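Spelled out from the first residue to the last, the chains are:
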Amino acid sequence: MMTTSPVRFADKPAPKTTAAPAVADATDARWRVADVEALFALPFLDLMFRAQEVHRAHFKAGEVQRSTLLSIKTGGCSEDCGYCSQAARHHTGLERERLMPLEEVLEHARAARAGGSSRFCMGAAWRSPKEKDLAAVIEMVREVKKLGLETCVTLGMLDDEQARRLAEAGLDYYNHNVDTAPDYYREIVTTHTLQDRLDTIEKVRDAGINVCSGGIVGMGEGPAGRAGLIAQLANMTPPPESVPINKLIPFPGTPLAEGETLDPFDFVRSIAVARITMPKSFVRLSAGREQMSDELQALCFMAGANSIFYGERLLTTGNADTSDDLRLFARLGLISI
Ligand code: SAM
Ligand code: DTB
Ligand code: SF4
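We now turn to the structure provided with this report. Just so you know, these numbers come straight off a predicted model, no measurement behind them.

Let's shift gears to the site of ligand 1. Ligand 1 sits among 18 residues. The nearest are Tyr83, Asn177, Asp179, Arg197 and Ile249. Take Asn177: an N or O atom from its side chain is 2.8 Å from an oxygen atom of ligand 1. Between ligand 1 and Asp179 there is a distance of 2.6 Å, counted from an oxygen atom to a side-chain nitrogen or oxygen. For ligand 1, whose accessible area on its own is 560 Å², the fraction buried by protein is 91%.

What follows is the structure in structure tokens.
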């Protein structure tokens, strides 16, 4: 599977649309975890070069999609995801809230549209939605779509009928992350299984909704764990249209609050490997951006990230300031799409 791309030297400018063909055309091939680990082990500059080649063969370099996130139902979740501030059993000091009323959601959506976001993502801290709640979310999807925004929701596990109804409402994307490597999943979550997550992703796919699925790095998984996560996503047929790569935000009161910190270059490597193995997917530089320097974010864009969460908040914590983002886009000549 893994081939070495020819190294080009700087005496001649590289032709505009060259890619390492065996890698760029590997969309439908299976990635062995060992091959993905080998990508992680490449010297940083070689990895970045290959990621750039693949990125430029499939996307316009510098174009970055922006999604705005809103927590429509915060806290009090029955699940035990070790990273999450919203699990009822973790003592994070977060107040459990009720489902946000439609009009308040629409105010946020209008502001997101005015700010230039193209997609509005609504997140709820549920294991799975109850009937009354789903009906309310369906109404939100319909109304947000009328504003001309793409819609995404993340509501936990779905059954076939729920996925069908969301599709019928015109939902564009469903976010459901696999979060970590298969071998590591039970270290992080015990109240549901990875198979439960995969079943929901399949139902979403079958209903005709675009899949948004990614994971978190920096949970102590190590390079093998990161390779396992990315191989798992890349081997989906097809891979998710949207792949959020989150850097763990360590919340005091969660089991993962005190873990060792990730080398920032390993975060960049994760983006680059996602780009190489999922050439046609949007790779989103997701949680953790608030703590990243402009230079680190620039490396992530060079590694092939072409989507961000844009807006002052993620779900329960802050995001990079929009004014800083606009300045960074201008400094780097990035174009939002
Ligand atoms: N309850 C739904 C679910 O689990 O799919 C939706 C909300 S859940 C908070 C969405 C995703 O946010 C998780 O799958 C995880 O990838 C990400 N996330 C949550 N807490 C995080 C943290 N502390 N750091 C980084 N990413 C986090
Ligand atoms: C995703 O992969 N990241 C977003 C979104 N999907 C729902 C959530 C990030 C949450 C970060 C921690 C918080 O705000 O609670
Ligand atoms: Fe958090 Fe979602 Fe897990 Fe609930 S299911 S604890 S909201 S990540």
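Next up on the list: the site of ligand 3. Surrounding ligand 3, one finds Cys77, Glu79, Cys81, Tyr83, Cys84, Ala87, Ala125 and Trp126. Among the residues making up the shell around ligand 3, the classes are represented as 7 nonpolar, no polar and 1 charged.

Looking now at the pairing of strand 3 (residues 150-154). Extensive coverage of strand 3 is indicated by the burial of 4 of its 5 residues. When strand 2 (residues 119-124) meets strand 3, the two strands line up parallel, connected through 5 bridges. Looking at strand 3, one finds that Arg119 is bridged to Glu150. One crossover worth recording links strand 2 to the parallel strand 3 by way of helix 5 (residues 131-146), and it is right-handed. Summarising the sheet, strand 3 and strand 4 (residues 173-175) pair through 2 bridges and their orientation is parallel. In the sheet register, Cys152 faces strand 4, and the bridge partner there is Tyr173. Taken together, strand 3, helix 6 (residues 160-168) and strand 4 form a β-α-β motif whose crossover is right-handed.

The rules behind the values
Residues numbered from 1 in each chain as written. Chains lettered and ligands numbered in written order. Predicted model: local features only at pLDDT ≥ 70, side-chain atom pairs only at ≥ 80, totals over all residues. Heavy atoms only, no water. Near = heavy atom within 4 Å. Polar contact = N/O pair within 3.5 Å; in protein donor to acceptor, adjacent residues only side chain to side chain. Areas by Shrake-Rupley, 256 points an atom, 1.4 Å probe, with all protein chains shown as cover. Nonpolar A, V, L, I, M, F, W, Y, C, P; charged D, E, K, R; others polar. Buried < 20%, exposed > 50% of the residue type's maximum accessible area, 1.4 Å probe, protein only. Helix = DSSP H or I, 4+ residues; strand = E, 2+ residues; numbered from the N terminus. Pairing = 2+ DSSP bridges. Right-handed = clockwise from strand over helix to strand, strands pointing away.

Keep in mind that these numbers describe shape and distance, not what the molecule does.
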